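Topology and contacts: notes
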Amino acid sequence: MIQTWNITKYQIKKVQFQDPSSLDAITRQLPDGYYSTFRTYDGCRRVLGLNAHLRRLPNVDASSLRQNLLQLLEPFHPDEARVRVMLTFDGQIYVSIELLKLLPPEVYKQGVRVETTELYRADPRSKSTAFIAASSEERKHLAQEGIFEALLVKNGKILEGMTSNFFYVLSSRAERSGAQTKRAQREIIYTAQRDILLGVTRRTVVHVARGRGVEVKYQPLKLNQLPAVDEAFITSSSRGIVPVIQIDEMTIGEGMPGKITKMLMSAYDAYVLKHAEKI
């Protein structure tokens, strides 16, 4: 069950909603504003990139909110939780918490299928709750069709996921710029840089990739490049790195998670255990 509180300078008050079925359902019942969603580690004591998550809420006292989060998360210990912090445009702070439901292991072993959509964020750099309402029909469609995620397309280019960031690997042939060009000596992953939400997990994956000798290039994927994609994956705070094996009707690579994706998944997991911040 999801629990929600309204936090003020003087009190923490529990709030009830007509539809408490999901974090998105609760968010849609609140006034518009900003939000960030993340999961805990170490028995609800640590969060990866917590400072960056809280910076999404303008003019919020991060130190005070951390203390509130510790108090609210205590009953969930020793389990882990999924948390959404919301700041309405009129300055009200809400925190919703639910027990973390991990994805089945086969999702990471077998990968997922996604689809493209012309939906995109009006203000990509701002994590606005208005986008949750604007994308509600697409979210229902994904659930009905059993599709894991939607990739947002603008001007024929895949920018990001509806609830994630998007990375891809091109085949070695596509990386050649001419007949005389030698095969790239380094592994390369690609991701969009403009017109996207700069996700906390995305930033961590870029850091981890470079630490493992993988070059990162900032370039959105053109739809006509799909046949040349060898690997693809999406990233988010609650799910980490999730391999993508099908985009629309196009099978990615050999239809299974690729070697770069699997290497980064392992490296990311190790990084999180070491670097998640204390709340």
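Look up a bit, the structure's there.
Summary of the structure given here. (Residues numbered from 1 in each chain as written. Predicted model: local features only at pLDDT ≥ 70, side-chain atom pairs only at ≥ 80, totals over all residues. Heavy atoms only, no water.)

Looking at the packing of helix 7 (residues 200-211) against helix 8 (residues 259-275)
Axis separation between helix 7 and helix 8 bottoms out at 10 Å; the angle between their running directions is 110°. Comparing the axis directions of helix 7 and helix 8 gives the class roughly perpendicular. Of the residues in helix 8, those touching helix 7 at T201, T204, V205, H207, V208 and A209 are L264, A267, Y268 and Y271. For the contact of helix 7 with helix 8, the per-class residue count stands at seven nonpolar, three polar and no charged. (Axes fitted to C-alpha atoms, helices over the stretch in contact; angles between N-to-C directions. Helix = DSSP H or I, 4+ residues; strand = E, 2+ residues; numbered from the N terminus. Parallel < 35°, antiparallel > 145°, perpendicular 65-115°, else oblique. Contact = heavy atoms within 4.5 Å. Nonpolar A, V, L, I, M, F, W, Y, C, P; charged D, E, K, R; others polar.)

Digging into the sheet that holds strand 5 (residues 81-88)
A sheet is described by the order of its strands in space; here five strands give the open sequence 2-1-6-5-3, paired in antiparallel fashion. Each of the sheet's edge strands pairs with one partner strand only, and the pair in question is strand 2 (12-15) and strand 3 (33-39). Looking at each pair of strands side by side, their axes are set apart by 20° on average, direction ignored. Pairing of strand 1 (residues 3-7) with strand 6 (residues 93-99) involves five bridges; the strand directions are antiparallel. Note that in strand 6 the partner of N6 across the bridge is Y94. Each of strand 1, strand 2, strand 3, strand 5 and strand 6 touches helix 3 (residues 62-73); the most contacted strand, strand 6, lies at about 35° to it. (Pairing = 2+ DSSP bridges.)

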